[in-house]
Amino acid sequence: MRLQGKRAFITAAGQGIGRAIAEAYLREGADVTATDLNDGLLAGLDGARCFALDVTDKTALQSAVADAAPDILVNCAGVVHAGSIAEATDDEFDFAMNLNVRAQFHSMQAALPGMVERGGGSIVNIASVASTILAAPNRYLYATSKAAVIASTKSVAVDYVKKGVRANAICPGTVDSPSLHDRLRATGDYDAALEAFIARQAMGRIGLPEEIAHLAVYLGSDESGFTTGQAHVIDGGWANG
């Protein structure tokens, strides 16, 4: 098993990409700590330590990460705001940055000393292809925050490359998840919105959480030992279109 003997800490592990990563890590033999704002969503992750965690609570997050002493840190928690800069509010900006960026900053800050002391570790941050990679319409706040995730990841990678710690970002395209379906319903025309999302995918379909999890397993494992500081695009060819 590719992650045997490794301790992993995963945020937003209750559903979608985070859930798929937690399940894949368990299958690959990792010792998994799975957290989510709603601990009820963590049911069924047999073999994992599961508990509720608000990642915007710095003290709670850093304490949980330090206690878990992870060899692999997977930052999945995030929020998607719709709209252009004209519709964005200060409160929404603050929330997007606090959840999508600041929480990752705090979790990495808590995990890095232990990783350095133990001689290595892998950080996997969930960013997005909607960032510095491509401009998605009506995603101003989301793209701004996810661009910051990529920059943050690269900065950590270069600062810790000599200390055995790797940091990479995963940049998915449109992925099937409960949050996606919530956003589709919020448009007022679910079927038309879903059709539009599929139409912009070069492969003619949206991605599966399990496909993102396969990449997360690779980045957490020793197989990716020569890989750091990268924004790994997994978007079905969207960015090539």
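Chains are numbered independently. Their residues run from 1 in the order of the written sequence. In view of the model being predicted, local features appear only for residues whose pLDDT reaches at least 70, and side-chain atom pairs are presented and counted only at 80 or more, with totals across whole chains, interfaces and linings using the full set of residues. The side-chain numbers reported here are obtained from all heavy atoms of the structure, hydrogens and water having been left aside.

Side note on the overall build of the protein chain
Each helix corresponds to a stretch of at least 4 residues labelled H or I by DSSP, and each strand to a stretch of at least 2 residues labelled E; elements are numbered beginning at the N terminus. Regarding its fold elements, the protein chain presents seven helices and seven strands. Put simply, the protein chain runs from its N terminus to its C terminus through helices and strands in the order β-α-β-β-α-β-α-β-α-β-α-α-α-β. When we talk radius of gyration, it's over C-alpha atoms, and the globule rule is simply 2.2 Å times the number of residues to the 0.38. Since a compact globule built from 241 residues should have a radius of gyration of about 18 Å, the 17 Å found for the protein chain is in line with a globular shape. Here the protein chain holds 241 residues, and 50% of them are scored as buried. Look at the contacts in the protein chain between residues 6 or more apart in sequence, and 69% of them connect residues 24 or more apart. Both charge centroids of the protein chain, one from 19 positive and one from 27 negative side chains, sit 8 Å from each other. Working definition: with a 1.4 Å probe on protein chains only, accessible area under 20% of the residue-type maximum means buried, over 50% means exposed, and in between means partly exposed. Contacts: residue pairs with any heavy atoms within 4.5 Å of one another. When charges are counted, Lys and Arg contribute as positive and Asp and Glu as negative, whereas His and the chain ends are disregarded. To locate a charge, take atom NZ for lysine, CZ for arginine, CG for aspartate or CD for glutamate.

Quick notes on unusual backbone geometry
Within the chain, Ala-69 stands out as a residue other than glycine whose phi angle is a positive 45°. Turning to its location among the elements, Ala-69 is positioned in the loop between helix 2 (58-68) and strand 4 (72-75). Of note in this structure, Asn-138 is not a glycine but carries a positive phi near 60°. A relative accessible area of 46% means that Asn-138 is categorised as partly exposed.

A word on the sheet that holds strand 1 (residues 7-10)
Working definition: the strands of a sheet are paired by backbone hydrogen bonds and lie parallel or antiparallel to each other. If you walk across this open sheet you meet the seven strands as 3-2-1-4-5-6-7, and the pairing is parallel. Edge positions in the open sheet fall to strand 3 (49-52) and strand 7 (231-234), since each of these has one partner strand only. Going across the sheet, the axis of each strand differs from the next one's by a mean of 15°, ignoring polarity. Whether two strands pair depends on DSSP finding at least two bridges between them. Sheet analysis places strand 6 (residues 165-172) next to strand 7, joined by four bridges and oriented parallel. The residue bridging Cys-171 from the neighbouring strand is Val-233, located in strand 7. The convention used is that axes are lines fitted to C-alpha atoms, helices contributing only their stretch in contact, and that angles between N-to-C directions extend from 0 to 180 degrees. Helix 1 (residues 16-27) rests against strand 1, strand 2 (31-36), strand 4, strand 5 (121-126) and strand 6 of the sheet, and its axis sits at about 170° to strand 1. The strands touched by helix 4 (residues 140-160) are strand 5, strand 6 and strand 7; relative to strand 6, the strand with the most contacts, the crossing angle is about 160°.

Section: the packing of helix 1 against helix 7 (residues 209-220)
For the pair helix 1 and helix 7, interaxial distance at closest approach is 8 Å and the crossing angle is 50°. In terms of orientation, helix 1 and helix 7 fall into the oblique class. As for how helix 1 packs across helix 7, the hand of that crossing is right-handed. Residue-level contacts link Gly-16, Ile-17, Ala-20, Ile-21, Ala-24 and Tyr-25 of helix 1 to Pro-209, Glu-210, Ile-212, Ala-213, Ala-216, Val-217 and Gly-220 of helix 7. Across the contact of helix 1 with helix 7, the residue classes tally to 10 nonpolar, two polar and one charged. Just so you know how the angles are binned, under 35 degrees is roughly parallel, over 145 roughly antiparallel, 65 to 115 roughly perpendicular, and the rest oblique. Handedness of a crossing is defined here by the sense of rotation of the near helix relative to the far one, left-handed for an anticlockwise turn of less than a right angle and right-handed for a clockwise turn. Amino acids outside the nonpolar list (Ala, Val, Leu, Ile, Met, Phe, Trp, Tyr, Cys, Pro) and the charged list (Asp, Glu, Lys, Arg) are all regarded as polar, and Gly is one of them.

Here we look at the pattern of salt bridges
Each salt bridge in this description consists of a side-chain nitrogen of Lys or Arg and a carboxyl oxygen of Asp or Glu lying within 4 Å of one another. All chains considered together, the criterion is met by eight salt bridges. Arg-205 is the partner of Glu-211 in a salt bridge, and the nearest nitrogen-oxygen pair spans 2.8 Å. Taken together, the shared-partner salt bridges connect Arg-7, Asp-71 and Arg-118 into one network.

Considerations on the side chain of Gln-201
Note that Gln-201 resides in the loop between helix 6 (190-199) and helix 7. For Gln-201, a relative accessible area of 4% puts it in the buried group. If sequence neighbours within four positions are ignored, Gln-201 has contacts with Thr-174, Ile-206, Asp-235 and Trp-238.

Focus on the environment of His-232
As for its placement among the helices and strands, His-232 is situated in strand 7. Spatially, the C-alpha atom of His-232 lies 9.2 Å from that of Ala-127, the residues being 105 residues apart in sequence. Look past the residues within four positions of His-232 in its chain and what remains in contact with it is Asn-168, Ala-169, Ile-170, Cys-171, Leu-215, Leu-219 and Thr-227. Polar contacts involving the side chain of His-232 include one to the side chain of Asn-168, which spans 3.2 Å. Two N or O atoms count as a polar contact when they lie within 3.5 Å, although within protein this holds only if one can serve as hydrogen donor and the other as acceptor, and sequence-adjacent residues are included solely when both atoms are side-chain atoms.

A short note on the nonpolar core
Ranked by size, the top nonpolar core spans 29 residues in total, and within it Ile-10, Ile-21, Tyr-25, Val-32, Ala-34, Val-74 and Ile-170 carry the most contacts. Among the elements of the structure, strand 1, helix 1, strand 2, strand 4, strand 5 and helix 7 are those that each provide at least two residues to this core. Discounting residues that sit within four places of it in the chain, Ala-34 has contacts with Ile-10, Ala-13, Leu-42, Leu-45, Ala-48, Arg-49, Cys-50 and Phe-51. Residues enter a nonpolar core if they are buried and are Ala, Val, Leu, Ile, Met, Phe, Trp, Tyr or Cys, with the set joined through side-chain atoms within 4.5 Å. Core analysis: the second largest hydrophobic core is formed by 22 residues, Leu-99, Ala-103, Ala-110 and Ala-157 among them.

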